Amino acid sequence: MGVEFVQGNRLVAMTAAGSVWLADGPSSEPRRIGGHDFGGLAFAVQLGGRLAATGGQDGRVRIWDVIDGRDVMTIPTDAARVDRVAWSHDGQRIATASGTGVVLWDASGRGPRVDHRRRSAHRRRP
């Protein structure tokens, strides 16, 4: 969940229900541009305010163009849910965190991901 002013007075927000909303200015009516099934958990705006990343209980990361409201890309993770998202300072990568660990994704969709998850949530004792 989250809310940010971007590109001046433009407002982008995600609700706990998973809906992503965009308003063009303080006097405009917000419009729903999409969302996540089963609810929203994570929200981050790229430095510069052109793109927003959201994560939800559907296990997906969605990238939104906050200028025109387009759903730019969907990243299907293998996690049951995405608890947190963060942009790199250069805007080229997105970090996601879930119950299984942290994964870095190429925000362009062209490159590989770097997986920093533990292989097992429980360690056996000898």
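Residues numbered from 1 in each chain as written. Predicted model: local features only at pLDDT ≥ 70, side-chain atom pairs only at ≥ 80, totals over all residues. Heavy atoms only, no water.

Enquirer: What exactly am I supposed to notice about the overall build of the chain here?
Expert: Helices and strands together make up the secondary structure of the chain, namely zero helices and 12 strands. Counting from the amino terminus, the chain carries its helices and strands in the arrangement β-β-β-β-β-β-β-β-β-β-β-β. Looking at the chain as a whole, 43% of its 126 residues are labelled buried. Looking at the chain alone, contacts between residues at least 24 apart form 30% of all its contacts between residues at least 6 apart. Working note: accessible area of the chain is about 7500 Å², and carbon and sulfur atoms make up 51% of it. (Helix = DSSP H or I, 4+ residues; strand = E, 2+ residues; numbered from the N terminus. Buried < 20%, exposed > 50% of the residue type's maximum accessible area, 1.4 Å probe, protein only. Contact = heavy atoms within 4.5 Å. Areas by Shrake-Rupley, 256 points an atom, 1.4 Å probe, with all protein chains shown as cover.)

Enquirer: I would appreciate a short explanation of the sheet that holds strand β1 (residues 2-6) in the present structure.
Expert: Backbone-to-backbone hydrogen bonds join strands into a sheet, with any given pair of strands oriented parallel or antiparallel. With respect to topology, four strands assemble into an open sheet ordered β1-β2-β3-β4, the strand pairing being antiparallel. Strands at the two margins of the open sheet, each flanked by one partner only, are β1 and β4 (31-35). Across the sheet, the mean angle separating the axes of adjacent strands is 20° when strand polarity is ignored. Pairing of strand β2 (residues 10-14) with strand β3 (residues 19-23) involves four bridges; the strand directions are antiparallel. The residue of β3 that forms the bridge with Ala-13 is Trp-21. (Pairing = 2+ DSSP bridges. Axes fitted to C-alpha atoms, helices over the stretch in contact; angles between N-to-C directions.)

Enquirer: Help me understand the sheet that holds strand β6 (residues 51-56), please; the structure alone is not making it clear to me.
Expert: Ordered by their spatial adjacency, four strands build an open sheet running β5-β6-β7-β8, and the pairing between neighbours is antiparallel. Looking at which strands have only one partner, the edges of the open sheet turn out to be β5 (40-45) and β8 (71-76). With direction set aside, neighbouring strand axes in the sheet form an average angle of 20°. Where β5 and β6 come together, five bridges link them in antiparallel fashion. From the neighbouring strand, Val-45 faces β6, where its bridge partner is Ala-52.

Enquirer: Looking at this structure, how should I read the environment of Val-45?
Expert: Its location among the elements puts Val-45 in strand β5. Discounting residues that sit within four places of it in the chain, Val-45 has contacts with Glu-4, Val-6, Val-12, Leu-51, Ala-52 and Trp-87.

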